[in-house]
Amino acid sequence: RDRYQRRVHGARVLGKEAPEVYAFMHELLSVLGTGNSTADELVGYVMKLGEVNMTVMRLLSEGHEANFGSPTPAEVRLTPVPGKCILVSGHDMKDLEEILRQTEGLGINVYTHGEMLPGHGYPELRKFPHLVGNYGGGWQAQRAEFAAFPGPILVTTNCIIEPTRSYKHRLFTRSAVGWPGVTHLPTYDFSAVIAAANDEDGFKDIECSVESATTMTGFGHNAVLSIADKVVGAIKEGHIKSFFVIGGCDGEKPGRSFFRDMALATPQDSIVLTLGCGKYRFNKDFEKFGNIGGIPRLLDMGQCNDAYSAVQVALALADALGVKNVNELPLHFGISWFEQKAVAVLCSLLHLGIRNIHLGPSLPAFVSPNVLNLLVEKFNITPAVGDGAEVARKMAAKGNNL
């Protein structure tokens, strides 16, 4: 519920709301409060949650595009440049825009972290030359990454871990996230963050002497659908034989290498759509994926909530190829689960009738044996365990019957 509400909050900040979303939240809380529902009735509410979450993700997508433009492919630097710096983590693109405006012309470089990486794909954010790159990876590594970053860190919305003393004094929170003893900013006034940036050392030349590394982002549904004819043509000509959606919420558990192994083992005649912080398991290897007729094989569609984009691409492909639903496409799902936000996305996929999802590396705690049996029976959900590379090869071996 918390992460579902975060999406609702994010859409509202961007000027997008829908009364039916709030109505359903009240209805669902009332139902859960009574405790009198049957299993079938609760399954129905799960499907309804997935439907409403699709509305919320659409509102958030529309809000992002209305404020920052439609995402377009962008190369993102992964190594630092010399100078004073600020790191922006979390999910809120409005906070990123405001801090870019307030630091313009001050000689302070701004870096994204975690789920803020897709910000580089938005034209109205990318136009700021001091948005210089992305630093670090997924949320779970923030203690080490924040400690090593030589400037203040702004955490927006969620994904904060108890800070260490080494950086707590230069950590700031915004909006719906906070931590005891950490400076919280109630408005878009980032003067305290800017002052902290000037007090810190920033990156030195010696720290930036390594060869520059890059990745790509900005492959939202509009960008991908703009070349739909090219993609459909490549499918019909046999150059593209399958699609993989690999991403979601990452975590520290060693078994999460399953998704990296899966992604890197996808065949050269497949396209990998990725989203969420799960992408950090393999997005630094962007060049290894190569391309198919000029179409990059690895397409970063954005944040977890940009599962909406992946769904729009799948639905458009099904329509263009004349199949009844997305389950008839050579489309395979590997969803990295960690917390409620990924569960809301999963509910949306189930609402759309999508089957054969690999979910893991461990199943959510609320998935009891009875719930697991239901998910397997109705949707053929499979735990994402074992050899991810072998799973990818087996998926691809099913072939393209289009």
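That block above? That's the structure.
Residues numbered from 1 in each chain as written. Predicted model: local features only at pLDDT ≥ 70, side-chain atom pairs only at ≥ 80, totals over all residues. Heavy atoms only, no water.

Undergrad: So, the sheet that holds strand β2 (residues 84–89): which residues are in play, and what are the values?
TA: Read across the open sheet, the 6 strands follow the order β4-β3-β2-β5-β6-β7; overall the sheet is parallel. Edge positions in the sheet fall to β4 (131–134) and β7 (183–185), since each of these pairs with one other strand and no more. This sheet shows a mean twist of 30 degrees between the axes of neighbouring strands, independent of strand direction. Where β2 lies against strand β5 (residues 153–156), 3 bridges are found, and the strand directions are parallel. By the bridge assignment for β5, Val88 is matched with Leu154. Strands in contact with helix α4 (residues 93–103) are β2, β3 (108–112), β4, β5 and β6 (171–174); relative to β3, the strand with the most contacts, it is inclined by about 170 degrees. Strand contacts of helix α8 (residues 191–199): β2, β3, β6 and β7, with the helix running at about 135 degrees to β2, the strand carrying the most contacts. (Pairing = 2+ DSSP bridges. Helix = DSSP H or I, 4+ residues; strand = E, 2+ residues; numbered from the N terminus. Axes fitted to C-alpha atoms, helices over the stretch in contact; angles between N-to-C directions. Contact = heavy atoms within 4.5 Å.)

Undergrad: Please give an account of helix α3 (residues 39–68) that cites residues and values.
TA: The terminal C-alpha atoms of α3 lie 43 Å apart, and with 30 residues this matches the ideal 44 Å at 1.5 Å per residue to within 8%. Directly after α3, the chain includes Gly69, whose backbone phi takes a positive value near 90 degrees. (Expected span 1.5 Å × (residues − 1).)

Undergrad: Tell me about the environment of Arg12, and please be specific about residues and values.
TA: Within the secondary structure, Arg12 sits in helix α1 (residues 2–13). Not counting residues within four places of it along the chain, the set of residues in contact with Arg12 comprises Glu17 and Tyr22.

Undergrad: Quick rundown of the pattern of salt bridges? Include the residues and the values.
TA: Side chains bearing opposite charge may pair, as long as their charged atoms lie close to each other. Tallying each qualifying case throughout the model produces 11 salt bridges. The partner of Glu51 in a salt bridge is Lys48, with the nearest N and O atoms 3.8 Å apart. Here Glu51 and its partner Lys48 are both found in helix α3, 3 residues apart, which amounts to about one turn of the helix. Judged by relative accessible area, which is 36%, Glu51 ranks as partly exposed. What makes Lys48 partly exposed here is its relative accessible area of 35%. Taken together, the shared-partner salt bridges connect Lys94, Glu97, Glu98 and Arg101 into one network. (Salt bridge = Lys/Arg side-chain N within 4 Å of Asp/Glu carboxyl O. Buried < 20%, exposed > 50% of the residue type's maximum accessible area, 1.4 Å probe, protein only.)

Undergrad: Can you lay out the pairing of strand β14 (residues 331–336) for me, pointing to particular residues and giving the numbers?
TA: The buried fraction of β14 is high, at 6 of 6 residues. Here strand β9 (residues 242–248) runs beside β14; their pairing, made up of 6 bridges, is parallel. Paired with Ile246 across the bridge in β14 is Gly334. Here β14 runs beside strand β15 (residues 357–360); their pairing, made up of 4 bridges, is parallel. In the sheet register, Phe333 faces β15, and the bridge partner there is Ile357.

Undergrad: Got a sec to walk through α8? Specific residues and values, please.
TA: Turning to α8, its buried residues number three or more, namely Val193, Ile194, Ala196 and Ala197. Seen end-on, α8 carries its buried residues on one side only, within an arc spanning 160 degrees. As for α8, its buried residues are in contact with β2, α4, β3, β6 and β7. (Arc of directions from axis to C-beta.)

Undergrad: Mind laying out the packing of α3 against α4, listing which residues take part and the relevant values?
TA: In the contact formed by α3 and α4, the axes pass within 11 Å of each other and the chain directions differ by 15 degrees. Considered as vectors, α3 and α4 are oriented roughly parallel to each other. Every pair of crossing elements has a handedness; the one defined by α3 and α4 is right-handed. For the pair α3 and α4, contact is made by His64, Asn67 and Phe68 and by Met93, Lys94 and Glu97, respectively. When grouped by side-chain class, the residues that make up the contact of α3 with α4 number 2 nonpolar, 2 polar and 2 charged. (Parallel < 35°, antiparallel > 145°, perpendicular 65-115°, else oblique. Left-handed = near helix turned anticlockwise from the far one by under 90°. Nonpolar A, V, L, I, M, F, W, Y, C, P; charged D, E, K, R; others polar.)

Undergrad: Requested: an account of the nonpolar core, with residues and values cited.
TA: The tendency in soluble globular proteins is for nonpolar side chains to be buried side by side. If you look at the biggest cluster of nonpolar residues, it comprises 76 residues, and the most contacted ones within it are Ile240 and Ile357. In terms of nonpolar packing, the next biggest core, distinct from the first, is built from 24 residues, Leu14, Leu100, Tyr122 and Leu185 among them. (Core = buried A, V, L, I, M, F, W, Y, C linked by side-chain atoms within 4.5 Å.)

Undergrad: So, the packing of aromatic side chains: which residues are in play, and what are the values?
TA: Taken as a whole and assessed by the stated rule, the structure comprises 9 aromatic pairs. Pairing Tyr111 with Phe149 gives two aromatic rings, centres 5.8 Å apart and planes at 80 degrees, and the pair type is edge-to-face. Of this pair, Tyr111 sits in strand β3 while Phe149 sits in the loop between α6 (142–148) and β5; the two residues are 38 residues apart in sequence, bridging distant segments of the chain. Residue Phe149 is classed as buried on the basis of its relative accessible area, which comes to 0%. Seen from their ring centres, Tyr135 and Phe149 are 5.1 Å apart, and the 65 degrees between their planes marks the pair as edge-to-face. Of this pair, Tyr135 sits in the loop between β4 and α6 while Phe149 is found in the loop between α6 and β5, placing the two residues 14 residues apart along the sequence. (Phe/Tyr/Trp six-rings, centres within 6.5 Å; stacked < 30°, edge-to-face > 60°.)

Undergrad: I'd like a rundown of the side chain of Asn283, residues and numbers included.
TA: Tracing the backbone through its elements, the reader meets Asn283 in the loop between β10 (270–274) and α12 (286–289). For Asn283, a relative accessible area of 4% puts it in the buried group. In this structure Asn283 touches Leu117, Thr215 and Leu298, once residues within four positions along its chain are discounted.

Undergrad: Outline the state of the cysteines, supporting the account with residue identities and numerical values.
TA: As enumerated under the stated definition, the model contains 0 disulfides in all. Cysteine Cys249 is unpaired, with the sulfur of Cys304 as its nearest cysteine sulfur at 3.6 Å. Under the relative-accessibility criterion, Cys249 is labelled buried at 2%. (Disulfide = S-S within 2.5 Å.)

Undergrad: Describe unusual backbone geometry, with residues and values.
TA: The phi torsion at Ser175 lies on the positive side, around 60 degrees, for a residue other than glycine. Here Ser175 shows up in the loop between β6 and β7. A positive phi angle, near 55 degrees, is found at Asn380, a position not held by glycine. Mapped onto the secondary structure, Asn380 falls in the loop between α15 (369–379) and β16 (382–383).

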